[in-house]
Amino acid sequence: MGAELLTLYIVLTFDDLTPDMLTVSDILKSAGARGTFFINTAAITSENEEGIVKELAESHEIGSHSHSHPDLTKLSTEMVYGELELSKQILERIVKREVKSFAYPYGAHNNIVVEAVRKCGYTVARTTIVEPPTTTVEDFLRLPVVFHDFLHLNKEAVENLLKKLLKERYTQTTLEHLWRQVAENPVKALNTLLELFKDWEPEEDALAIILLHPWKVRELNAWRELEQAITTAKAIGKIATLEEARKTFAAKQNNRKLELRR
Ligand SMILES: [Zn+2]
C-alpha cells in the first residue's frame with residue numbers, strides 16, 4: 001500500500017421533525033455542508049410541515065424515523081412493517097426520490113426490526129450505540145454513532161472513544177471534563193470531542209456519525225456551538241450524508257474483498 005490520504009467521513013444526523021430543522025439547515029448551508037434529517041412522518045400534520053420537509057430535501061438527505069416514533073422492539077411484526085412502509089411512502093411522495101436511510105426511534109432495534117428495515121428497502125440504518133469511528137462496517141443497518149445528545153449516553157462508551165482517540169494522552173480528567181459538559185450542554189461537549197479528533201490519525205478511512213436533536217439545540221440555545229461544531233467537523237474530516245457514506249464504505253469493503261481474493 002502506498003501513501004494514501006486517509007479520510008474521516010463525518011455524518012451529521014438530526015432527528016425528530018420540528019421547525020428547528022430549518023435553522024439547522026441554514027447553518028449547514030452557510031458552511032457548505034449537507035446533513036441527514038430523520039423525519040417521523042406522523043409529525044407531518046399540515047402543509048406547513050410538508051413544506052419544511054420539502055425545503056430540507058432541496059439541500060440535504062431525508063431519512064425515515066418511522067411514522068409515530070414508537071419503540072419498534074415493543075410492537076408486533078405487522079405493526080413494525082406498517083411503521084416502516086408508511087413513513088417511507090409519505091416521505092417519497094413529498095421529496096420525490098427514494099428514501100433509503102432509517103434511524104431507529106430511541107435507537108431501539110433487535111433482529112426482527114433490523115430484518116424488517118432491510119425488507120422494506122432501506123439500505124442504511126443508524127442506531128444510538130456509541131463506538132469509536134468505524135473503519136469496517138459490519139452491518140449497514142446497525143451503524144453506531146460517535147456521539148449523541150440523549151440522556152442515556154453511556155459514559156463507559158465515551159471513555160472507550162476517548163482512549164482510542166487520545167491513546168497515551170488519555171487522562172481521567174479529560175473524561176470528567178467532557179462528561180460535565182455532556183450534562184450541561186451536549187452541543188458544547190460535541191465541540192470538545194471534535195477538537196480532540198484534530199490530533200487523531202486514523203489507520204484507515206473512518207466513519208463518525210453524530211446525532212443531534214434540533215429541538216434540543218433550540219432549548220439549549222446552542223446554535224453558536226452547533227455552528228462551531230460544523231466548522232470543526234469540516235476541518236477534521238469530510239462531511240457526508242448517510243447515504244453517501246454508505247456508498248463510500250460499501251465500495252471500500254468490496255475493494256478489500258477483491259484484494260483478499262487475489
Ligand atoms: Zn427520535
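Look a little higher up for the structure.
Residues numbered from 1 in each chain as written. Predicted model: local features only at pLDDT ≥ 70, side-chain atom pairs only at ≥ 80, totals over all residues.

Undergrad: Lay out the overall build of the protein with the relevant residues and their values.
TA: Tallying secondary structure elements over the protein gives ten helices and nine strands in all. In terms of overall dimensions, the protein is globule-like: its C-alpha atoms have a radius of gyration of 18 Å, near the 18 Å expected for 262 residues. Based on the C-alpha atoms only, the size of the protein along its principal axes is roughly 55 × 50 × 35 Å. In the protein, which comprises 262 residues, the share counted as buried stands at 40%. Partitioning the intrachain contacts of the protein with sequence separation of at least 6 by distance along the chain shows that 72% fall at a separation of at least 24. (Helix = DSSP H or I, 4+ residues; strand = E, 2+ residues; numbered from the N terminus. Rg over C-alpha atoms; globule rule 2.2 N^0.38 Å. Buried ≥ 20, exposed ≤ 12 C-beta atoms within 10 Å, placed from the backbone. Contact = placed C-beta atoms within 7 Å.)

Undergrad: A description of the packing of helix α7 (residues 186-197) against helix α9 (residues 223-236) should follow, citing residues and the corresponding values.
TA: Close contact between α7 and α9 brings their axes to 9 Å; oriented N to C, the two are set at 15 degrees. One finds that α7 runs roughly parallel with respect to α9. Of the two elements, α7 crosses α9, and the hand of that crossing is left-handed. Contacts between α7 and α9 involve Val 187, Lys 188, Leu 190, Asn 191, Leu 194, Glu 195 and Phe 197 from the former and Glu 225, Leu 226, Gln 228, Ala 229, Thr 232, Ala 233 and Ile 236 from the latter. Residue composition of the contact of α7 with α9, by class: eight nonpolar, three polar and three charged. (Axes fitted to C-alpha atoms, helices over the stretch in contact; angles between N-to-C directions. Parallel < 35°, antiparallel > 145°, perpendicular 65-115°, else oblique. Left-handed = near helix turned anticlockwise from the far one by under 90°. Nonpolar A, V, L, I, M, F, W, Y, C, P; charged D, E, K, R; others polar.)

Undergrad: Outline the nonpolar core, supporting the account with residue identities and numerical values.
TA: Residues Val 11, Ala 125, Ile 209 and Ile 210 are the most contacted members of the largest nonpolar core, which totals 68 residues. When residues of this core are assigned to their parent elements, the largest contribution, seven residues, is made by strand β8 (residues 206-212). (Core = buried A, V, L, I, M, F, W, Y, C linked by C-beta atoms within 7 Å.)

Undergrad: A description of α7 should follow, citing residues and the corresponding values.
TA: Under the 1.5 Å per step criterion, the end-to-end length of α7 is 17 Å for twelve residues, consistent within 8% with the ideal 16 Å. The buried count for α7 comes to nine of twelve residues, which makes it a mostly enclosed element. Buried within α7 are the following residues: Pro 186, Val 187, Lys 188, Ala 189, Leu 190, Asn 191, Leu 193, Leu 194 and Phe 197. (Expected span 1.5 Å × (residues − 1).)

Undergrad: So what's going on with the pairing of strand β3 (residues 61-64)? Residues and values would help.
TA: Residues Glu 61 and Gly 63 line one face of β3 and the alternating positions Ile 62 and Ser 64 line the opposite face, and both faces are buried. Bridging between strand β2 (residues 36-39) and β3 involves four bridges; their strand directions are parallel. From the neighbouring strand, Ile 39 faces β3, where its bridge partner is Ser 64. Remark: the β2/helix α2 (residues 47-59)/β3 crossover connection has right-handed handedness. (Pairing = 2+ DSSP bridges. Right-handed = clockwise from strand over helix to strand, strands pointing away.)

Undergrad: If you had to explain α2 to someone new, which residues and values would you point to?
TA: Between its first and last C-alpha atoms α2 spans 19 Å; for 13 residues at 1.5 Å apiece the expected length is 18 Å, and the two agree. Taken together, the buried positions of α2 are occupied by Ile 52, Val 53 and Leu 56. Projection of α2 onto a plane perpendicular to its axis shows the buried side chains occupying an angular sector of 95 degrees, all on one side. Residues of α2 that are exposed and point more than 90 degrees away from the buried face comprise Glu 47 and Glu 58. On its buried side, α2 packs onto α1 (20-30), β2, β3 and α3 (77-95). (Arc of directions from axis to C-beta.)

Undergrad: I'd like to hear about the environment of Ile 236, residue by residue, with values.
TA: With respect to the helices and strands, Ile 236 occurs in helix α9. Ile 236 gets classed as partly exposed once you count the C-beta atoms within 10 Å, which come to 17. For the pair Ile 236 and Thr 13, spaced 223 residues apart in the sequence, the C-alpha separation amounts to 17 Å. Other than its neighbours up to four places away in sequence, Ile 236 contacts Leu 8, Leu 194, Phe 197 and Lys 198.

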